[in-house]
Amino acid sequence: MSVLHETDTRASAPPITTFGPDFPFAYDDWLSHAAGLGQLPAAAHGTEVAIIGAGLSGIIAAHELMKLGLRPVVYEAGRIGGRLRSEPFHGAEGVIAELGGMRFPVSSTGLYHYIDAVGLETKPFPNPLDAATPSTLIDLEGEQVYVEGAGALPPLLREVSDAWTEALEVGADFKALQNAVRLRDVSTLKAIWNRLVPLWDERTFYDFIASSASFAKKSFRHREIFGQVGFGTGGWDSDFPNSMLEILRVVVTAQDDHQRMIVGGAEQLPRKLWRLAPKTLAHWPRGTSVASLHGGAPRPGVTRIARESDGRLALTDRWGDTRRYGAVISTCHSWLLTTQIDCDESLFSQKLWMALDRTRYMQSSKTFVMVDRPFWTDRDAATGRHVMSMTLTDRITRGTYLFDNGPDRPSVICLSYSWMTDAMKVLPLDADKRVRLMLNALRQIYPKVDIASHIIGDPITVSWESDPNFLGAFKGALPGHYRYNRRMFCQFMQDGMPAAERGLFLAGDGISFTPAWAEGAVQTALNAVWGVLHHFGGATHLDNPGPGDGFDRLAPIALPD
């Protein structure tokens, strides 16, 4: 259950999935259908298709293209996994820090198709005020609220929760919208969402809160608490400048709710898919995997993309080797197409270049330490409370998460998970300085707890904006960015494009309408797979149409320029 947003949990209600709302196509049904994703002409079998980036989107695209009989050629500048990066602590078997994606809502049904395919185990993520969390401490302006498990919210937080629920209903027809998502009622969903897009695209999340009648009749303190505590995953004031459409998508598809973590680390998913030999595949012999087609490792990172005179796309890697392809899928962050990769300008229209360049990435920082045991479950003799809790605060740490690996094993504390300006404050600091800064802040909250005495091994930290292969954690659309997002998402539909712009397909969560959520990476990868299938003269089965087959009916609403 999310912190400040409750959803319908009736047993008879269909589950909420990431079905739209912008493009209500059932990716999970397409994936699970016995007919498969489609069929290529025999003459296309074995044709090489380049994929830039070995994150989740790139690996899924490679895996599905291989099953269709094509030969994926994956290029990677760093390591397999992208922002599913699970960093091990040295000296402790299986103890990891999740530097990127770490919590995966069950509404991400396309994602869980692949999690199940490789046999990964998941368990509830210890979010604030969640049943999986022993206790939560909210520390604002020096005042504290303590709640065990998914206990009842104190009166002030309940008022904030009720105001948020009312604001969603009045400002976004929320119950009807979410019910349409549940029922996969395309006509109702599009009727409501298409009305909301022009209404909220150019207005911020904070505008939605501040202008709602439910919050207007409350104090500024209520809005401030909402920003600090947020809903589901904690404080969301770092998202206050974002377009309200970003937030509506998250809550209507329950991305903020019922989240799970992957036991052993999220990076296992792309790495296991890399090695997975599917039971059914065209052209290739049984036992073939994406890894086996590469001799075990991806090719080096791409430094140039050019169009050859014969129409093929030429990719040059960091060591100067140039290879030519009939189709390419680019899954890297869009800014890399202008900062790290030399691209022919003619590969995209000027309007699409504008969209790629205007994409705004959010900063994000995490600082982890390994501790000798989950000491936070100890009880304070005087108060009876846990000595330490999952902590939300207005101090520099912002969110502190506790990961229990069992009573006899080293455990992990994410001392700080912060965004935007809070993340920028620590950007110049090395790992040790970050740890000391966070420990000092937590000492003000837990004066009797000597966290440092429990730390073992070296700390692990990340600032995604300082990584040259990412330049930020993920997209956060600003007001007025809907048109840009639509251009990027719809780019896989290429029949109406000039020949000079065909054959290069975009994918990745930054191309999706749900940035920061792995489901967006899955869905755009599948869009690109359909695009490549169509590009080489293939087709889907009549009983299992793909995202491009019904595009005219499902397409995101187009706003006038």
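What you see is a predicted model, and the numbers here were worked out from it, not measured in a lab.

Another point: the pattern of salt bridges. Throughout the structure, instances matching the rule amount to 36 salt bridges. With its nearest N and O atoms 3.5 Å apart, the salt bridge here joins Glu64 to Lys67. Taken together, the positions of Glu64 and Lys67, both in helix 2 (residues 56-68) and three residues apart, correspond to about one turn of that helix. With a relative accessible area of 3%, Glu64 lands in the buried category. Close ionic contact of Asp380 with Lys448 constitutes a salt bridge, the shortest N to O distance being 2.8 Å. With Asp380 in the loop between strand 16 (364-371) and strand 17 (390-393) and Lys448 in the loop between helix 16 (431-445) and strand 20 (455-463), this residue pair connects regions lying 68 residues apart in the sequence. Taking relative accessible area as the criterion, Lys448 reaches 65% and is therefore assigned exposed. Here the salt bridges do not stand alone but share partners, grouping Asp201, Glu202, Lys351, Arg483, Arg487 and Asp561 into one network.

Across the junction of Gly20 and Pro21, the peptide omega takes the value 5°, indicating a cis bond. In this structure, Pro21 sits in the segment before helix 1 (27-32). Phi at Arg184 is positive, roughly 55°, even though this residue is not glycine. You can see Arg184 is positioned in the loop between helix 5 (174-183) and helix 6 (186-200). Its identity is not glycine, yet Ala254 carries a phi of approximately 60°, on the positive side. By the secondary structure assignment, Ala254 is in the loop between helix 10 (244-252) and strand 9 (259-262).

All right, on to the confidence of the model for the protein then. Detailed conclusions should not be drawn from predicted coordinates in areas where pLDDT is low. Looking at the protein, pLDDT values average 94 and 97% of them are 70 or higher. For residues 1-10, every residue scores under 50 in pLDDT, and the model assigns this stretch 43 contacts once sequence neighbours within four places are set aside.

Unoccupied space between atoms shows up once a probe the size of one water molecule is rolled over them. There is about 580 Å³ of room inside the second largest pocket. Looking at the lining of the second largest pocket, the elements that each hand over two or more residues are helix 1, helix 2 and helix 3 (109-117). Broken down by element, the residue count for the lining of the second largest pocket peaks at four residues, all from helix 2. For the lining of the second largest pocket, a count of residues per class yields 15 nonpolar, nine polar and three charged.

Strand order in the open sheet formed by seven strands is 8-7-17-18-19-16-20, with mixed pairing between adjacent strands. Each edge of the open sheet is held by one strand with a lone partner, namely strand 8 (143-148) and strand 20. Averaged over all pairs of adjacent strands, the angle between their axes in this sheet comes to 15°, without regard to strand direction. Here helix 16 sits on the sheet in contact with strand 7 (135-140), strand 8, strand 16, strand 17, strand 18 (399-403), strand 19 (411-419) and strand 20, set at roughly 105° to strand 20.

A separate point is helix 18 (residues 518-535). For helix 18, spanning 18 residues, the distance from its first C-alpha to its last is 26 Å, which sits close to the expected 26 Å at 1.5 Å a residue. Burial analysis of helix 18 places 16 of its 18 residues in the buried class, which makes it a mostly covered element. Following helix 18 by one or two positions, Gly537 adopts a phi angle in the positive range, close to 85°.

Buried within helix 3 are the following residues: Gly110, Leu111, Tyr112, Tyr114 and Ile115. Downstream of helix 3 by a residue or two, Gly119 has a phi angle that is positive, lying close to 75°.

The next thing to look at is the pairing of strand 8. Here six bridges tie strand 7 to strand 8, and the two strands are oriented antiparallel to one another. Across the sheet, the residue bridging to Asp139 is Gln144, located in strand 8. Following strand 7, the chain reverses through two residues before pairing antiparallel with strand 8; Glu141 in that reversal takes a positive phi of roughly 50°.

The final tally for this structure, using the stated rule, is 30 aromatic pairs. Geometrically, the ring pair formed by Phe25 and Trp30 is edge-to-face, given 6.0 Å between the ring centres and 75° between the ring planes. Trp30 matches Phe25 in its accessibility class, with the two residues each being buried. Ring geometry for Phe348 versus Trp353: centroids 5.0 Å apart, planes at 80°, classification edge-to-face. Each of the two residues, Phe348 as well as Trp353, counts as buried. In textbook terms, an aromatic cluster arises when at least three aromatic residues are bridged by ring pairs, as seen for Phe23, Phe25, Tyr27, Trp30, Tyr482, Phe489, Phe492, Phe513, Trp530 and Phe551. Lying over the aromatic face of Tyr417, Lys366 brings its terminal NZ or CZ to 4.5 Å of the ring centre.

Below, the discussion takes up the sheet that holds strand 6 (residues 122-124). Spatial strand order, 5-9-6: three strands in an open sheet with antiparallel pairing. The two strands at the open ends of the sheet, each matched to only one other strand, are strand 5 (104-105) and strand 6. Across two bridges, the pairing between strand 5 and strand 9 is antiparallel. When the bridges of strand 9 are listed, Pro105 appears paired with Gln259.

Attention shifts here to empty space enclosed by the protein. Inspection of the entire model under this criterion finds six cavities of 30 Å³ or more. Looking at the largest cavity, its volume works out to about 80 Å³. Forming the boundary of the largest cavity are Thr18, Gly20, Pro21, Asp22, Phe23, Phe489, Phe513, Thr514 and Gln523. Of the residues that constitute the lining of the largest cavity, the class distribution is four nonpolar, four polar and one charged.

Core analysis: the largest hydrophobic core is formed by 134 residues, its most contacted members being Leu56 and Trp164. Of the residues forming this core, the biggest block, ten residues, is contributed by helix 18. The contact partners of Leu56, leaving out residues within four places of it in the chain, are Gly81, Leu84, Leu111, Leu269, Leu273, Ala518, Ala521 and Val522. Membership of the second largest hydrophobic core comes to 26 residues, among which are Val73, Leu337, Tyr484 and Ile511.

Note that Leu478 resides in the loop between strand 21 (474-475) and helix 17 (482-489). Taking the C-alpha atoms as reference, Leu478 lies 8.6 Å from Arg203; in sequence the two are 275 residues apart. In this view, Leu478 contacts Asp201, Pro241, Ser243 and Arg360; residues no more than four positions away in its chain are not counted.

Basis of the calculations
Residues numbered from 1 in each chain as written. Predicted model: local features only at pLDDT ≥ 70, side-chain atom pairs only at ≥ 80, totals over all residues. Heavy atoms only, no water. Salt bridge = Lys/Arg side-chain N within 4 Å of Asp/Glu carboxyl O. Helix = DSSP H or I, 4+ residues; strand = E, 2+ residues; numbered from the N terminus. Buried < 20%, exposed > 50% of the residue type's maximum accessible area, 1.4 Å probe, protein only. pLDDT = per-residue confidence, 0-100. Contact = heavy atoms within 4.5 Å. 1 Å grid on protein atoms, 1.4 Å probe; cavity = no way out; pocket = protein on both sides within 12 Å on 5 of 7 lines; lining within 4 Å. Points joined across faces, edges and corners; volume = space filled by probe spheres on them. Nonpolar A, V, L, I, M, F, W, Y, C, P; charged D, E, K, R; others polar. Pairing = 2+ DSSP bridges. Axes fitted to C-alpha atoms, helices over the stretch in contact; angles between N-to-C directions. Expected span 1.5 Å × (residues − 1). Phe/Tyr/Trp six-rings, centres within 6.5 Å; stacked < 30°, edge-to-face > 60°. Lys NZ or Arg CZ within 6 Å of the ring centre and 35° of its normal. Core = buried A, V, L, I, M, F, W, Y, C linked by side-chain atoms within 4.5 Å.

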